[in-house]
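# A look at the structure
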Amino acid sequence: MGSTGEYESQRRVPVPHSKPFLKSLQARLKETFFPDDPFRQFKNQPTSSKFLLGLQYFVPIIEWAPHYTFDFFKADLIAGITVASLAVPQGISYASLASIPPIIGLYSSFVPPLLYAMLGSSRDLAVGTVAVASLLISSMLGKEVSPTENPKQYVQLVFTATFFAGVFQASLGILRLGFIVDFLSHATIVGFMGGAATIVCFQQLKGILGLIHFTHETDLVSVMRSVFSQIHQWRWESAVLGCCFLFFLLLTRYFSKRKAAFFWINAMAPLTTVILGSLLVYLTHAEKHGVQVIGHLKKGLNPPSASDLAFGSSHLMAAIKTGIVIGIIGLAEGIAVGRTFAMFKNYHIDGNKEMIAFGMMNIAGSCTSCYLTAGPFSRTAVNFNAGSRSAVSNIVMATAVMFTLLFLTPLFHYTPLVVLSSIIIAAMLGLLDYEAAIHLWKIDKFDFFICLGAYLGVVLGSVEIGLIIAITVSLLRIILFVARPRTMVLGNIPNSGIYRSMDQYQIANSVPGILILQIDAPVFFANASYLRERISRWIYEEEDRLKSAGEASLHYVILDLSAVGSIDTSGISMLEELMKNVHRKGLQLLLANPQSEMMKKLDKSKLIDKIGQGWIFLTVEEAVSACNFMLHTCKAIHVAVDQNAEENKV
């Protein structure tokens, strides 16, 4: 089609200077593992200051404790006591969900919060046991060892799984691998949590109906079969109590949602139900009429359990697998909750610091008779609404739990199990976020089906199957978007030099004789073949359209590469093959706004020379101007040639 050498307004696209491979690799690794540049505060600091800054980085309490005020303490004292009123009944309830002795749930609300207060970066996160992790522990480890037949071995496996969860979490933080947790998308978490909440609610029918024998399976069919196959063993006394307590808990939640100032009503409701239930059983001797109670809880602080870690057990691999799964779930929920409430107060939490804090508190917890702890939404919401100002609220909560362990555990002897079931159901109903699912449907149907797949996987299969389905579908989506990137035809916005998608902008007009295409993703081996075929199809379709419309034939193909941040050797080969195919058709290929990475690769592969430096432009507008200039020049030349031919005939 000629050269653009006469097109004077062209500004050349420079080839940036190449960096040595090691420097490029170092820069890439830094962006991958240290996007927040955590070492910037150490620059130009004396050694003593660097040591102090390092301590403050790994132990944040050293940084904020000197500035802590009495006003902060008053707020944290109220918040901590309020959260403790929720933590005690929840700890006992979630322990029963994990099929471990209730006292371990109380132990787990003492040591871990103290460690988090020193190592965590969130001011609002309230540490404690979580329902979904408790369910996972019961379902995964219960298949290996029966919690009723071998309770001691089962508890040892629970501590071992907690230890490996902590090691996994801390390792992710130390190695700066926090981005792995980001593969659990919002849609995945909504579906997974909703499915787990559904199963947990149905499993609590055991406590509500006063059943003694119940299935260890977590799928809906098995649970319902277990419920309805024992109709003759249903206890109406337990069912009436359970429904009354559940109604009370849901009513208090309703009032607290209607008016934020009443949040404390909802926060105190679980402890209130425990007290009322215990008094009712004690006064009526209901335990003699089929109402099951917690029974004896021994007084005293956490006994050491490091010697109980079952590293030599034949079920060690199951404990490791369980630890990794519950570790991921704990991190995903804890960090998501922490970031949510940090956003409300306009401060930032460090995801990698949180991972280290979670990991260390679970490692320490496994050695002090605790099982997995994280940052549950319910406790954190109560802590936030109660006006917490710092992590000291966790220390206050842990102190209140310590007081309970030392002096108050005998008072829980008559607490009916049906109350614990009611507390769990009320908490789980809050995880059934149907509004989020409806929002996903409105915004992104693909995200909705990821959410639905995770939900159905948990409800109809198991918690592990639901998690696998959710992660697999999320990864497939990534692969699909990467392997099949969007390409679009651009048109000119009238009376401007702006070129936008003709599918989005109905007023955009195609440019006669020119096809402008935009590639909306990096070009590499996974999508190179697809892009070559898709661009060829765009060219075929444009030629057919012009032919059927009787318009001027196609002469130029412009590729807008402004969204192509990187390209590999497969992408370079694709461009070279595309150029040959375009030339074979008698067309000319132009490149607009290639990024620095692409220009380096084009230069090193000598493809710039093959395409021609004159056919690479800074903007789409300049590329179109050059094409129009050439088209008009060629037309003028053809007219002049025709005139000379006519004159020669005469």
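Residues numbered from 1 in each chain as written. Predicted model: local features only at pLDDT ≥ 70, side-chain atom pairs only at ≥ 80, totals over all residues. Heavy atoms only, no water.

## What to know about the overall build of the chain
- Helix and strand counts for the chain stand at 26 helices and 6 strands.
- Relative to the globule expectation of 26 Å for 650 residues, the C-alpha radius of gyration of the chain, 33 Å, shows a markedly less compact shape.
- Overall size of the chain, expressed as C-alpha extent along the three principal axes, is 125 × 65 × 55 Å.
- For the chain, long-range pairs separated by at least 24 residues make up 80% of all intrachain contacts whose partners lie at least 6 apart in sequence.
- When the accessible surface of the chain is split by element, carbon and sulfur atoms take 63% of a total near 31100 Å².
- Charged side chains of the chain number 51 positive and 45 negative; the gap between the two group centres comes to 7 Å. (Helix = DSSP H or I, 4+ residues; strand = E, 2+ residues; numbered from the N terminus. Rg over C-alpha atoms; globule rule 2.2 N^0.38 Å. Contact = heavy atoms within 4.5 Å. Areas by Shrake-Rupley, 256 points an atom, 1.4 Å probe, with all protein chains shown as cover. Lys, Arg positive; Asp, Glu negative; His and termini not counted. Charge placed at Lys NZ, Arg CZ, Asp CG, Glu CD.)

## Here's the deal with the packing of helix 6 (residues 111-119) against helix 17 (residues 392-408)
- Two elements in contact, helix 6 and helix 17, have axes separated by 8 Å at closest approach and are oriented at 160°. Here helix 17 runs roughly antiparallel to helix 6, going by the angle between their axes. The handedness of the crossing between helix 6 and helix 17 comes out as left-handed. Residues Pro113, Leu114, Tyr116 and Ala117 of helix 6 form the contact with helix 17, whose participating residues are Asn394, Ile395, Met397 and Ala398. (Axes fitted to C-alpha atoms, helices over the stretch in contact; angles between N-to-C directions. Parallel < 35°, antiparallel > 145°, perpendicular 65-115°, else oblique. Left-handed = near helix turned anticlockwise from the far one by under 90°.)

## Observations regarding unusual backbone geometry
- Although it is not a glycine, Asn346 sits at a positive phi angle of roughly 60°.
- Inspection of the secondary structure puts Asn346 in the loop between helix 14 (316-344) and helix 15 (351-366).
- Although it is not a glycine, Asn593 adopts a positive phi angle of roughly 55°.
- Here Asn593 lies in the loop between strand 5 (588-592) and helix 24 (596-604).
- By relative accessible area, which is 27% here, Asn593 ends up partly exposed. (Buried < 20%, exposed > 50% of the residue type's maximum accessible area, 1.4 Å probe, protein only.)

## Section: the confidence of the model for the chain
- Chain-level statistics for the chain give a pLDDT mean of 84 and a share of 92% at 70 or above.
- Ranking the elements of the chain by mean pLDDT puts helix 1 (residues 21-33) last with 70 and helix 8 (residues 151-174) first with 94. (pLDDT = per-residue confidence, 0-100.)

## Examining the pattern of salt bridges
- By the definition in use, this model includes 11 salt bridges.
- Measuring nitrogen to oxygen at the nearest pair gives 3.6 Å for the salt bridge that ties Arg532 to Glu577. One end of the pair, Arg532, is in helix 22 (residues 528-549); the other, Glu577, is in helix 23 (residues 569-584), with 45 residues separating them in the sequence.
- With a relative accessible area of 18%, Arg532 lands in the buried category.
- A salt bridge links Glu543 to Lys585, with the nearest nitrogen and oxygen atoms 3.7 Å apart. With Glu543 in helix 22 and Lys585 in the loop between helix 23 and strand 5, the pair connects residues that are 42 residues apart, well separated along the chain.
- Look at the salt bridges and you will find they share partners, linking Asp444, Asp447 and Arg477 into a network. (Salt bridge = Lys/Arg side-chain N within 4 Å of Asp/Glu carboxyl O.)

## Overview of the packing of aromatic side chains
- The final tally for this structure, using the stated rule, is 18 aromatic pairs.
- Ring plane angle 65° and centroid distance 5.9 Å describe the contact between Tyr116 and Phe358, whose orientation is recorded as edge-to-face. In this pair, Tyr116 sits in helix 6 while Phe358 sits in helix 15, placing the two residues 242 residues apart along the sequence.
- Since its relative accessible area comes to 0%, Tyr116 is described here as buried.
- The class of Phe358 is buried, set by a relative accessible area of 0%.
- Relative to Phe525, the ring of Phe524 lies with its centre 5.2 Å away and its plane at 85°, an arrangement referred to as edge-to-face.
- Phe524 sits in the partly exposed class, given a relative accessible area of 23%.
- Residue placement shows Lys445 over the ring face of Trp441; its charged tip is 4.7 Å from the ring centre.
- One cation-aromatic arrangement involves Arg534 over Trp538; the distance from NZ or CZ to the ring centre is 4.0 Å. (Phe/Tyr/Trp six-rings, centres within 6.5 Å; stacked < 30°, edge-to-face > 60°. Lys NZ or Arg CZ within 6 Å of the ring centre and 35° of its normal.)

## Section: the packing of helix 20 (residues 445-461) against helix 21 (residues 463-483)
- Running from N to C, helix 20 and helix 21 cross one another at 160°; their axes reach a closest spacing of 6 Å. Between helix 20 and helix 21, the crossing angle belongs to the class labelled roughly antiparallel. For the pair helix 20 and helix 21, the sense of crossing is right-handed. Here Phe446, Asp447, Ile450, Gly453, Ala454, Gly457, Val458 and Gly461 of helix 20 lie close against helix 21, whose contacting residues are Val463, Ile465, Gly466, Ile469, Ala470, Val473, Ser474, Arg477 and Leu480.
- Looking at the contact of helix 20 with helix 21, its residues break down into 10 nonpolar, 5 polar and 2 charged. (Nonpolar A, V, L, I, M, F, W, Y, C, P; charged D, E, K, R; others polar.)

## A few points about the sheet that holds strand 4 (residues 556-560)
- The mixed open sheet is built from 6 strands, whose spatial order is 2-1-3-4-5-6. Of all strands in the sheet, those with a lone pairing partner are strand 2 (499-501) and strand 6 (616-617), marking the two edges.
- Both strand 4 and strand 5 contribute to a ladder of 5 bridges, which runs parallel. Bridge assignment links Val557 to a residue of strand 5, and that residue is Leu589. (Pairing = 2+ DSSP bridges.)

## Looking at the UniProt feature "domain: STAS" (unreviewed entry) in the chain
- According to UniProt, the positions carrying the feature "domain: STAS" (unreviewed entry) are residues 504-627.
- Note that residues 504-627 is 48% helix and 15% strand, and that its end C-alpha atoms are spaced 24 Å apart. (UniProt positions renumbered as here; feature names shortened; annotations may be inferred.)

## Some points on the nonpolar core
- Membership of the largest hydrophobic core comes to 97 residues, with the highest contact counts inside it found for Ile100, Leu136, Phe192 and Met428.
- When near neighbours in sequence (up to four residues on either side) are disregarded, Phe192 contacts Val132, Leu136, Ile329, Ala454, Val458, Val463, Gly466 and Leu467.
- Core analysis: the second largest hydrophobic core is formed by 53 residues, Leu554, Val582, Met599 and Leu607 among them. (Core = buried A, V, L, I, M, F, W, Y, C linked by side-chain atoms within 4.5 Å.)

## Overview of the pairing of strand 4
- Burial runs high along strand 4: 5 of the 5 residues are buried.
- Of the two faces of strand 4, the one carrying Tyr556, Ile558 and Asp560 and the one carrying Val557 and Leu559 are both buried.
- Both strand 3 (residues 514-519) and strand 4 contribute to a ladder of 5 bridges, which runs parallel. Following the sheet pairing, Leu515 is matched in strand 4 by Val557.
- For the segment spanning strand 3, helix 22 and strand 4, crossover handedness is right-handed.
- Taking the sense of rotation as the criterion, the β-α-β connection linking strand 4, helix 23 and strand 5 turns out right-handed. (Right-handed = clockwise from strand over helix to strand, strands pointing away.)

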